[in-house]
Protein chains: 2
Amino acid sequence: MTNTNNRKIITIGREFGSGGRLIGKRLAEKLGVTFYDKQLLDRIAEESGYSKEMMESAKKKAKNSFLYSLASAMGTGEAGPESLSLNERFFLAQFDTIRKIAEEESCVIVGRCADYILRGIPYATNVFIYAEEADKIKRAVNEYGVPEDQVKKLMKDTDKARANYYAYHTGRKWGEPINYNLCIDSGYLEIEDIVDLIIAYSEKQVWRESTIYDD
Amino acid sequence: MTNTNNRKIITIGREFGSGGRLIGKRLAEKLGVTFYDKQLLDRIAEESGYSKEMMESAKKKAKNSFLYSLASAMGTGEAGPESLSLNERFFLAQFDTIRKIAEEESCVIVGRCADYILRGIPYATNVFIYAEEADKIKRAVNEYGVPEDQVKKLMKDTDKARANYYAYHTGRKWGEPINYNLCIDSGYLEIEDIVDLIIAYSEKQVWRESTIYDD
């Protein structure tokens, strides 16, 4: 399939401390497209009527995979979409907004299972950014200002919540290469060089549909 | 650490059917360096005195992880290096030859835990090539000539042997991003574009030692 409308969506999955968010931001600036990170939450809230704070808090609770699954499985007892749990409804709202954005404009989206939500859209480039633990700790302490005695726990909890949330909603494994077109260790290139590498990739990308969700 | 000698070693781990071997070959041609694939086995055999056939057959047996572990754990009962099992001695010979090659020349090495064996050598670029199952099947049938009714089993067995062999000798998980600098799905770029992407990466790479083996 050719990318007839010249649209490009780049999704970034990232480990905590890998610099993935900054890479996404610089990528959007360089490509001159919208960067969806926290702004995405604003827009989902705006379109769905759900509270940003509640959605964000539900997602963070995925740190405990069992409780998250339990809360996600509990409907309201009614029939129809209203019978979905809050977690499911939040995810549906997120799904609708991300699909809508992808139809409207080129952009960079960080996190939120965007790679999965955009399956079947052939003009998406899915990237995963990771790094060695020592590098992530250094970045989290020096650049995000996380206190040194808390960094390991925060990193572990954050990535665990991301992995659980991704697994619950996609049935797939977060950070596993096959879910992405390209996975890059951010510890061996300057941020700007990573941005350029992703752009070089997407310029050569064969725009086709993925088959990984065919089963 | 700077790469003072301008040496470059590129190691390629790859799933069966991903085209990783061909990518390695084209990469070596384009860089004008030696390509080590089957030639590596010749050289290990030459330097160690072990039979190529026996080494190759031992590696293939890793398909059964339990039997491979068992065979690898069984020494000869003597003290010293002679007490190592054949599998361990084969791996040691491979280790010595790969380290020696990396000290002598720039090159591309496919498979054989080269990424792990070269840990601590700061001028190595470790790449993993993977692809969607449907793409790998297509390539294996059309380009490697594997009969269609055998391709799924051959693919599964081959990758299982690679994963077990890697896990046994490195204690790490084959195909997990953190073991590589860069992981690329070969289904979304032409082979030549993947080669160029890896070269572009290695030209910008910050040459430093990995910390993933520090524990």
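Residues numbered from 1 in each chain as written. Chains lettered and ligands numbered in written order. Predicted model: local features only at pLDDT ≥ 70, side-chain atom pairs only at ≥ 80, totals over all residues. Heavy atoms only, no water.

Asker: Hey, could you run me through the overall build of chain A in this one?
Answerer: When you go through chain A residue by residue, the secondary structure sums to nine helices and five strands. Taken from N to C terminus, the helices and strands of chain A fall in the order β-α-β-α-α-α-α-β-α-β-α-α-β-α. Across its three principal directions, the C-alpha atoms of chain A cover 50 × 50 × 35 Å. Across the 215 residues that make up chain A, the buried fraction comes to 53%. Taken as a whole, chain A presents about 10000 Å² of accessible surface, with 51% of it coming from carbon and sulfur. (Helix = DSSP H or I, 4+ residues; strand = E, 2+ residues; numbered from the N terminus. Buried < 20%, exposed > 50% of the residue type's maximum accessible area, 1.4 Å probe, protein only. Areas by Shrake-Rupley, 256 points an atom, 1.4 Å probe, with all protein chains shown as cover.)

Asker: I keep staring at a nonpolar patch on the surface and nothing clicks. Help me out?
Answerer: A cluster of nonpolar residues, Phe66, Leu67 and Leu70 of chain A, forms a patch on the protein surface that exposes about 310 Å² of accessible area. Within the secondary structure, leucine 67 of chain A is located in helix H4 (residues 65-73). (Patch = residues over 30% accessible without salt bridge, like charges linked within 9 Å, V, L, I, M, F, W, Y side chains within 5 Å. Salt bridge = Lys/Arg side-chain N within 4 Å of Asp/Glu carboxyl O.)

Asker: In this structure, what is going on with the relation of the copies chain B and chain A? I would like to understand it.
Answerer: Two chain copies here: they are related by a rotation about an axis and a translation along the same axis. When chain B is brought onto chain A, the operation consists of a screw motion whose angular component is 180° and whose axial shift is 0.0 Å, with 0.0 Å RMSD remaining. Such values leave the two copies arranged in the relation of a two-fold axis. No C-alpha of chain B approaches the rotation axis more nearly than that of cysteine 183 of chain B, which lies at 2.5 Å. (Least-squares fit on C-alpha atoms with pLDDT ≥ 70 in both.)

Asker: For this particular structure, what's the right way to read helix H3 (residues 52-60) of chain B?
Answerer: What sets the pattern is the α-helix's 3.6 residues per turn: residues three or four places apart point alike. Residue and element names in this part refer to chain B. Those residues of H3 lying buried are Met55, Glu56 and Ala58. Taken end-on, H3 shows its buried residues confined to a sector of 160°, consistent with a single buried face. Away from the buried face of H3 by more than 90 degrees, exposed residues Glu53 and Lys60 are located. Along its buried surface, H3 packs onto helix H2 (38-48), helix H4 (65-73) and helix H5 (86-104). The residue sitting at the N-terminus of H3 and contributing the capping side-chain oxygen is serine 51; that oxygen lies 3.2 Å from the backbone nitrogen of glutamate 53. (Arc of directions from axis to C-beta. Contact = heavy atoms within 4.5 Å. Polar contact = N/O pair within 3.5 Å; in protein donor to acceptor, adjacent residues only side chain to side chain.)

Asker: Can you walk me through the state of the cysteines in this structure?
Answerer: Think of a disulfide as a covalent bridge from one cysteine sulfur atom to another cysteine sulfur atom. Following the criterion strictly, the structure yields zero disulfides over all chains and no others. Not engaged in a disulfide, the cysteine cysteine 183 of chain A finds its nearest cysteine sulfur in cysteine 183 of chain B; these two sulfurs lie 4.9 Å apart. Free of any disulfide, cysteine 107 of chain B has its nearest cysteine sulfur in cysteine 113 of chain B, 16 Å distant. (Disulfide = S-S within 2.5 Å.)

Asker: Please explain the packing of aromatic side chains as it appears in this structure.
Answerer: The geometry of two aromatic rings is summed up by the distance between their centres and the angle between their planes. Inspection of every chain in the model, using the stated rule, returns 18 aromatic pairs over all chains. Here the aromatic rings of phenylalanine 128 of chain B and tyrosine 130 of chain B are separated by 6.5 Å at their centres, their planes lie at 15°, and the arrangement is stacked. Under the relative-accessibility criterion, phenylalanine 128 of chain B is labelled buried at 1%. Residue classification places tyrosine 130 of chain B among the buried positions, given a relative accessible area of 1%. Taking 5.3 Å as the distance between ring centres and 85° as the angle between the ring planes, the aromatic pair formed by phenylalanine 128 of chain B and tryptophan 174 of chain B counts as edge-to-face. With a gap of 46 residues between them, phenylalanine 128 of chain B in strand S4 (residues 124-130) and tryptophan 174 of chain B in the loop between helix H8 (151-170) and strand S5 (182-185) connect regions that are remote in the sequence. Through a chain of ring-to-ring contacts, the aromatic side chains of Tyr68, Phe91, Tyr165 and Tyr168 of chain A assemble into a single cluster. Over the aromatic face of tyrosine 165 of chain B sits the side chain of lysine 59 of chain B, whose NZ or CZ is 5.4 Å from the ring centroid. (Phe/Tyr/Trp six-rings, centres within 6.5 Å; stacked < 30°, edge-to-face > 60°. Lys NZ or Arg CZ within 6 Å of the ring centre and 35° of its normal.)

Asker: In this structure, what is going on with the interface of chain B and chain A? I would like to understand it.
Answerer: In this assembly, 31 residues from chain B lie in contact with 31 residues from chain A. Buried area between chain B and chain A, summed over both chains or domains, comes out near 2700 Å², and the portion from carbon and sulfur atoms is 56%. At the surface where chain B touches chain A, the tally comes to six salt bridges. The residue glutamate 132 of chain B makes a salt bridge to arginine 208 of chain A at a minimum N-O spacing of 3.2 Å. In this assembly, chain B and chain A are joined by 19 residue pairs in polar contact (both at pLDDT 80 or more). Put simply, the parts of the chain that give the side of chain B that touches chain A at least two residues each are helix H7 (133-142), S5 and helix H9 (191-204) of chain B. (Buried area = accessible area lost by both parts, 1.4 Å probe.)

Asker: Would you mind showing me how to read the pattern of salt bridges here?
Answerer: In a structure, side chains of opposite charge can pair up when their charged atoms sit close to one another. All names here are of chain A. A complete count under the given rule lists 40 salt bridges over all chains for this structure. One salt bridge in this structure joins glutamate 56 and arginine 112, with 2.8 Å as the shortest N-O distance. Linking glutamate 56 in helix H3 (residues 52-60) with arginine 112 in the loop between strand S3 (107-110) and helix H6 (114-117), this pair joins segments that are 56 residues apart in sequence. Taken as a pair, glutamate 56 and arginine 112 share a single burial class, namely buried. Where salt bridges share partners, they join Lys25, Arg26, Glu29, Lys30, Glu192 and Asp196 into one cluster.

Asker: Explain the pairing of strand S4 (residues 124-130) of chain A to me, please; I cannot follow it from the model alone.
Answerer: Residue and element names in this part refer to chain A. Within S4, seven of the seven residues are buried, leaving the element largely enclosed by the surrounding structure. Neither face of S4 is exposed, since Ala124, Asn126, Phe128 and Tyr130 on one face and Thr125, Val127 and Ile129 on the opposite face are all buried. Bridge analysis of strand S1 (residues 9-14) against S4 gives six bridges, and the strand direction is parallel. Residue isoleucine 9 lies in a different strand from S4, and its bridge partner there is alanine 124. Where S4 lies against strand S5 (residues 182-185), four bridges are found, and the strand directions are parallel. Residue pairing in the sheet places isoleucine 129 in a bridge with isoleucine 184 of S5. (Pairing = 2+ DSSP bridges.)

Asker: Just checking my understanding: could you explain the sheet that holds S1 of chain A for this structure?
Answerer: Hydrogen bonds along the backbone pair up the strands of a sheet, which may run parallel or antiparallel. In space, the ten strands of this open sheet follow the order S2(A)-S3(A)-S1(A)-S4(A)-S5(A)-S5(B)-S4(B)-S1(B)-S3(B)-S2(B), with mixed pairing throughout. With partners counted over all chains shown, the strands left at the sheet margins are strand S2 (34-36) of chain A together with strand S2 (34-36) of chain B, one partner each. Strand-to-strand, the axes of this sheet are offset by a mean angle of 20°, without reference to chain direction. Examined bridge by bridge, S1 of chain A and S3 of chain A share four bridges and lie parallel to one another. Its bridge partner being in S3 of chain A, isoleucine 9 of chain A is matched across the sheet by cysteine 107 of chain A. Where helix H1 (residues 20-31) of chain A meets the sheet, its contacts fall on S1, S2, S3 and S4 of chain A, and the angle it forms with S1 of chain A comes to roughly 165°. (Axes fitted to C-alpha atoms, helices over the stretch in contact; angles between N-to-C directions.)

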